[in-house]
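# Inside the fold
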Amino acid sequence: MMIHSLGPPPSDAEVDAWLAVLTAAVAADQPQLEAPSRREVAGRLCVPPALGRPVLWAAGEGAGVAALLLFTDEGNAHTAFLDVLTVRPQERRRGVGTALWARVREELLAQGRTSVSALVDLGGPGQAFAQSLGFENVLPMAWYEQELPADGPAPVPATPGYELLTWHGPVPDAWAPAAAVAHGAMQDAPTGDMDERIPVWTAQRLHAVQQVIVDRGGELITVAAVTGAGEVAAYTELVLPDPSGRRAIQYDTVVTPAHRGHGLGRAVKLRMAAEAAGRYPALRRIATTVADENTPMRAVNEALGYRRERGAGIFQLTLQPA
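Now for a description of the structure that goes with this document. (Residues numbered from 1 in each chain as written. Predicted model: local features only at pLDDT ≥ 70, side-chain atom pairs only at ≥ 80, totals over all residues. Heavy atoms only, no water.)

### A few points about the overall build of the chain
From N to C terminus, the chain includes 8 helices and 12 strands. Computed over its C-alpha atoms, the radius of gyration of the chain comes to 20 Å, within 12% of the 20 Å expected for a compact globule of 322 residues. Projecting the C-alpha coordinates of the chain onto the three principal axes gives extents of approximately 60 × 40 × 35 Å. Per-residue burial for the chain yields a buried fraction of 48% across its 322 residues. When contacts within the chain are restricted to residue pairs at least 6 apart in sequence, long-range pairs at least 24 apart make up 72% of them. Total accessible area computed for the chain in this model is approximately 14,900 Å², and 53% of it derives from carbon and sulfur atoms. Both charge centroids of the chain, one from 27 positive and one from 35 negative side chains, sit 4 Å from each other. (Helix = DSSP H or I, 4+ residues; strand = E, 2+ residues; numbered from the N terminus. Rg over C-alpha atoms; globule rule 2.2 N^0.38 Å. Buried < 20%, exposed > 50% of the residue type's maximum accessible area, 1.4 Å probe, protein only. Contact = heavy atoms within 4.5 Å. Areas by Shrake-Rupley, 256 points an atom, 1.4 Å probe, with all protein chains shown as cover. Lys, Arg positive; Asp, Glu negative; His and termini not counted. Charge placed at Lys NZ, Arg CZ, Asp CG, Glu CD.)

### As for the packing of aromatic side chains
Taken as a whole, this structure holds 2 aromatic pairs when the rule is applied. A centroid spacing of 5.7 Å and a plane angle of 70 degrees characterise the contact between Trp-101 and Phe-135, whose relative ring orientation is edge-to-face. Of the two residues, Trp-101 sits in helix α3 (residues 96-110) while Phe-135 sits in the loop between α4 (125-133) and β6 (136-147), which places them 34 residues apart along the sequence. Side by side, Trp-101 and Phe-135 carry an identical accessibility label, which is buried. Look at Trp-167 and Trp-175: their rings are 6.0 Å apart centre to centre, the planes differ by 35 degrees, and that puts the pair in the tilted class. What makes Trp-167 buried here is its relative accessible area of 8%. (Phe/Tyr/Trp six-rings, centres within 6.5 Å; stacked < 30°, edge-to-face > 60°.)

### Describing the side chain of Gln-316
You can see Gln-316 is positioned in strand β12 (residues 307-318). Within the structure, Gln-316 has its side chain in polar contact with the backbone oxygen of Asp-193 (distance 3.2 Å). Setting aside residues no more than four positions away along its own chain, Gln-316 makes contact with Val-116, Ser-117, Gly-134, Phe-135, Glu-136, Val-138, Asp-193, Met-194 and Asp-195. (Polar contact = N/O pair within 3.5 Å; in protein donor to acceptor, adjacent residues only side chain to side chain.)

### So, the pattern of salt bridges
For the structure shown, the criterion picks out 14 salt bridges. Arg-247 is the salt-bridge partner of Glu-145, the closest N and O atoms lying 3.0 Å from each other. With Glu-145 in strand β6 and Arg-247 in strand β10 (residues 247-255), the pair connects residues that are 102 residues apart, well separated along the chain. Overall, Glu-145 belongs to the buried group, its relative accessible area being 5%. The partner of Arg-307 in a salt bridge is Glu-145, and the shortest N-O contact between them spans 3.8 Å. With a gap of 162 residues between them, Arg-307 in strand β12 and Glu-145 in strand β6 connect regions that are remote in the sequence. Members of the salt-bridge network, linked through shared partners, are Glu-34, Glu-145, Arg-246, Arg-247, Arg-285 and Arg-307. (Salt bridge = Lys/Arg side-chain N within 4 Å of Asp/Glu carboxyl O.)

### With respect to the layout of surface pockets
Over the atoms, a rolled probe matching the size of one water molecule traces out where space is still vacant. Looking at the second largest pocket, its volume works out to about 180 Å³. Contributing to the lining of the second largest pocket are 13 residues, with Leu-6, Gly-7, Pro-8, Pro-54 and Leu-56 lying nearest its centre. No other element matches strand β2 (residues 52-59), which puts 4 residues into the lining of the second largest pocket. Here the lining of the second largest pocket is composed, by residue class, of 10 nonpolar, 2 polar and 1 charged. (1 Å grid on protein atoms, 1.4 Å probe; cavity = no way out; pocket = protein on both sides within 12 Å on 5 of 7 lines; lining within 4 Å. Points joined across faces, edges and corners; volume = space filled by probe spheres on them. Nonpolar A, V, L, I, M, F, W, Y, C, P; charged D, E, K, R; others polar.)

### Brief notes about the side chain of Gln-250
With respect to the helices and strands, the residue Gln-250 is situated in strand β10. Of note is the side chain of Gln-250, whose polar atom sits 3.2 Å from the backbone oxygen of Glu-237. Contacts of Gln-250, omitting those with residues within four sequence positions, involve Thr-236, Glu-237, Leu-238, Lys-269, Met-272, Ile-286, Ala-287, Thr-288 and Tyr-306.

As structure tokens, this is what we get:
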């Protein structure tokens, strides 16, 4: 099986071939979902992330694709994330996935990585393949979806002592230091036995990560609950990889420890739903992942109408040299 590296950046033909593999796989494995658009795929392939170095491969003539993210921040230089390893359905059980994995593993060892993780949906071919390689589920979670109601989102509750602000695109410079501090509250989010560590957030790092979303052709909305003292007490982020699409992804929703118990998580998410519905008329669903052990966030989501769509997990493998 011929495995070849792509880019950087990949050509238009390589982007089209990559999209064709993902589209065929979604149709076969998760027909209830929409395949990513070309804009989304091109953005992810052509614009590198802020916190890592991507390595891309393709197998044969559009038989399969793989994308590995080698973290470059100091705290995660020992690990990596397998973002994609997908084989076109009609090419499965012919050694394509095994050949792609061999190239991925070779790169991991060459870069001195001792572990690798991947987000895997449960019950499908991805889970079976990952477990056959020795991956274990170190953080059980699930995908949840919220349908935007046809008659408009629910009213946003009052938040005495807090103001709700909405930012489109990267957080404004004046609020970036406080927003970075709030991002640090993710340190107490469930991570199971993951080797990957949550980075130390600075205003510069936050802007770099958020700018990548924009550079890839997507749009980002942040709703924050702020105090008169200039703190970001809570925030939630919504990303539209393709602003013309029907589905958005809820990124982090965080309430800092000192401000919990005031309903801020529910308030920022309700304001976000209202903002998104008003700004993006084609948008119909908001999806997010929540760890099974994150009981408070699951309760907030349930109250807002999110439903469990499918199980997933962060699967991780400890690498052993051949």
